[in-house]
Amino acid sequence: MGKADFLSPKAIGNRIKAKGLQKLRWYCQMCQKQCRDENGFKCHCMSESHQRQLLLASENPNQFMSYFSEEFKSDFLELLRRRFGTKRVHNNIIYNEYISNREHVHMNSTQWETLTDFTKWLGREGFCKVDETPKGWYIQYIDRDPETIRRQEELEKKKKQDMDDEERSAKFIEEQVRRGREGKEPEEEPVFTELKRKNEEEKIAFNLDSASAGPSKVSTALGPSALRVTASVKRKESSHSSDSKDKKKKSALDEIIEMEEQKKKSVRSDHWLRPNIVVKVITKKLGEKYYKKKAAIREVQDKYTAVVRMINSGDKLKLDQSHLETVIPAPGKRVLILNGQYKDTEAVLEGINEHKFSATLILDSGRMKGKTVEGIPYEDFSKLA
């Protein structure tokens with residue numbers, strides 16, 4: 001009987017049947033061949049090619065089992081890492097997505113009999129964190145990529161540095177408050193007494209302190225010129241004391257403000273990604289297609305991740321800040337300052353100092369528009385898209 005034509009209904013039906021997944025019991029892992037029914041699987045088992053594969057497997061069965069187990073483990077972990085990352089997920093969900101591929105390695109050809117055994121083995125070997133619940137086994141991937149570990153260490157270091165700055169500021173404010181309290185003299189609490197008179201006909205009289213009455217008596221005894229002198233001395237003393245108090249109060253606030261400004265100027269941010277600038281891809285992990293090629297940043301995520309569009313091919317990629325570098329345009333082109341004192345300021349590139357790896361820029365936005373700035377490092381500015 002001849003083979004059915006390509007566009008005949010029978011040929012179309014055969015292609016539809018062969019497209020999806022078939023029954024596992026009619027699949028030969030050694031030959032990597034899927035049969036559609038029992039008769040086809042029987043014919044395949046009697047074929048010469050299948051007999052040759054069985055002879056090869058009988059010579060060293062452990063080698064073939066180790067190979068299939070390693071393939072199954074690597075593909076399973078790669079799907080877990082790419083699909084779910086470090087999230088906690090049910091192991092059966094991952095397995096169902098894994099077997100949806102027609103070319104996957106079947107578990108019956110590996111060293112593990114069930115998915116539970118494989119999950120426990122991943123936990124014992126340290127590839128994943130596994131835990132058993134009433135709903136089944138859950139699995140969580142452990143990412144040991146050096147790049148991911150380095151990024152986590154940088155985030156922890158930055159968080160610790162921010163906490164140290166906040167603690168230092170809080171201690172400084174507490175010290176200023178303590179000094180203010182120590183320098184302030186305690187006020188005497190007034191003593192209130194009840195007004196009593198022994199005789200109802202007697203008039204009530206108030207005796208003032210000698211200290212308060214003293215200056216008035218002296219001032220009456222002196223002449224008018226002496227009064228003016230003493231009054232001026234008192235005004236000077238009162239003004240001097242009030243100025244010193246205001247100066248003391250203002251100095252603590254000024255010191256806090258100056259410390260915050262110095263911290264903003266001295267501490268440089270470790271992230272420089274900005275939208276609408278041109279960057280260059282410097283990682284070789286993506287292949288020679290993207291290495292040393294220019295791209296435009298479309299979106300910045302979490303300060304350290306950028307969504308870029310390649311200028312030549314138009315491909316859209318998601319890259320880390322460490323995989324990118326700034327682009328220095330020709331003199332006269334517009335750039336954006338990404339770090340330092342003039343951060344987020346647009347400028348025009350006037351010249352380049354190749355010996356010092358820096359450039360001279362003319363600010364084109366902000367309050368200092370038109371100012372010429374020298375010595376801006378290459379990594380602190382990039383070409384505008």
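Placed above this text is the structure.
Residues numbered from 1 in each chain as written. Predicted model: local features only at pLDDT ≥ 70, side-chain atom pairs only at ≥ 80, totals over all residues. Heavy atoms only, no water.

S.K.: In this structure, what is going on with the nonpolar core? I would like to understand it.
M.R.: For soluble globular proteins, nonpolar side chains are generally found buried alongside one another. Of all hydrophobic cores here, the largest spans 20 residues; its most connected members are Phe-72, Phe-76, Leu-80, Phe-118, Leu-122 and Ile-139. Elements with a minimum of two residues in this core: helix H4 (61-84), helix H5 (91-99), helix H6 (115-125) and strand E5 (136-141). In terms of residue count, the dominant contributor to this core is H4 (six residues). Not counting residues up to four positions away in its chain, the partners in contact with Ile-139 are Phe-76, Leu-80, Lys-87, Arg-88, Val-89, Asn-91, Ile-94, Leu-122, Cys-128, Lys-129 and Val-130. In this structure, Leu-273, Leu-319, Leu-324 and Leu-338 belong to the second largest nonpolar core, which totals 16 residues. (Core = buried A, V, L, I, M, F, W, Y, C linked by side-chain atoms within 4.5 Å. Buried < 20%, exposed > 50% of the residue type's maximum accessible area, 1.4 Å probe, protein only. Helix = DSSP H or I, 4+ residues; strand = E, 2+ residues; numbered from the N terminus. Contact = heavy atoms within 4.5 Å.)

S.K.: In this structure, what is going on with the pattern of salt bridges? I would like to understand it.
M.R.: For the structure on display, the rule yields eleven salt bridges. Here Arg-83 ties to Glu-97 by a salt bridge, and the two come within 3.3 Å at their closest N and O atoms. Note that Arg-83 is positioned in helix H4 and Glu-97 in helix H5, a separation of 14 residues in sequence. Salt-bridge contacts for Glu-175 lead to Arg-179; the nearest nitrogen and oxygen are separated by 3.5 Å. Here Glu-175 and its partner Arg-179 are both found in helix H7 (residues 146-183), four residues apart, which amounts to about one turn of the helix. Among the residues examined, Glu-175 registers a relative accessible area of 27% and is labelled partly exposed. When its relative accessible area of 48% is taken as the criterion, Arg-179 is described as partly exposed. Here the residues in one salt-bridge network are Glu-78, Arg-81 and Arg-82, joined through shared partners. (Salt bridge = Lys/Arg side-chain N within 4 Å of Asp/Glu carboxyl O.)

S.K.: Sorry, what's going on with the packing of aromatic side chains here?
M.R.: By convention here, two paired aromatic rings are described through the distance between centres and the angle between planes. Under the defined criterion, the tally for this structure stands at twelve aromatic pairs. Here Phe-72 and Trp-112 contribute two aromatic rings whose centre-to-centre distance is 6.1 Å and whose plane-to-plane angle is 40°, an arrangement assigned as tilted. Linking Phe-72 in helix H4 with Trp-112 in the loop between H5 and H6, this pair joins segments that are 40 residues apart in sequence. A relative accessible area of 0% means that Phe-72 is categorised as buried. The ring of Phe-84 carries Arg-83 above its face, with NZ or CZ at 4.8 Å from the centroid. Here the basic side chain of Arg-88 rests over the ring of Tyr-138, its NZ or CZ set 4.2 Å away from the ring centre. (Phe/Tyr/Trp six-rings, centres within 6.5 Å; stacked < 30°, edge-to-face > 60°. Lys NZ or Arg CZ within 6 Å of the ring centre and 35° of its normal.)

S.K.: Just to check I follow, could you spell out the environment of Ile-99 for this structure?
M.R.: Inspection of the secondary structure assignment puts Ile-99 in helix H5. Each C-alpha atom, one on Ile-99 and one on Phe-76, is 9.6 Å from the other, the two residues being 23 residues apart in sequence.

S.K.: Before we go on, may I ask you to explain the pairing of E5 in this structure?
M.R.: The side chains of a regular strand alternate, residue by residue, between the two faces of the sheet. Most of E5 is tucked away: five of the six residues are buried. Pairing between strand E3 (residues 88-90) and E5: three bridges, direction antiparallel. Bridging from a neighbouring strand, Arg-88 pairs with Gln-140 of E5. Taken together, the six bridges between strand E4 (residues 128-133) and E5 define a ladder with antiparallel strand orientation. Across the sheet, the residue bridging to Cys-128 is Tyr-141, located in E5. Between E4 and E5, which pair antiparallel and follow one another directly, the connecting turn spans two residues. (Pairing = 2+ DSSP bridges.)

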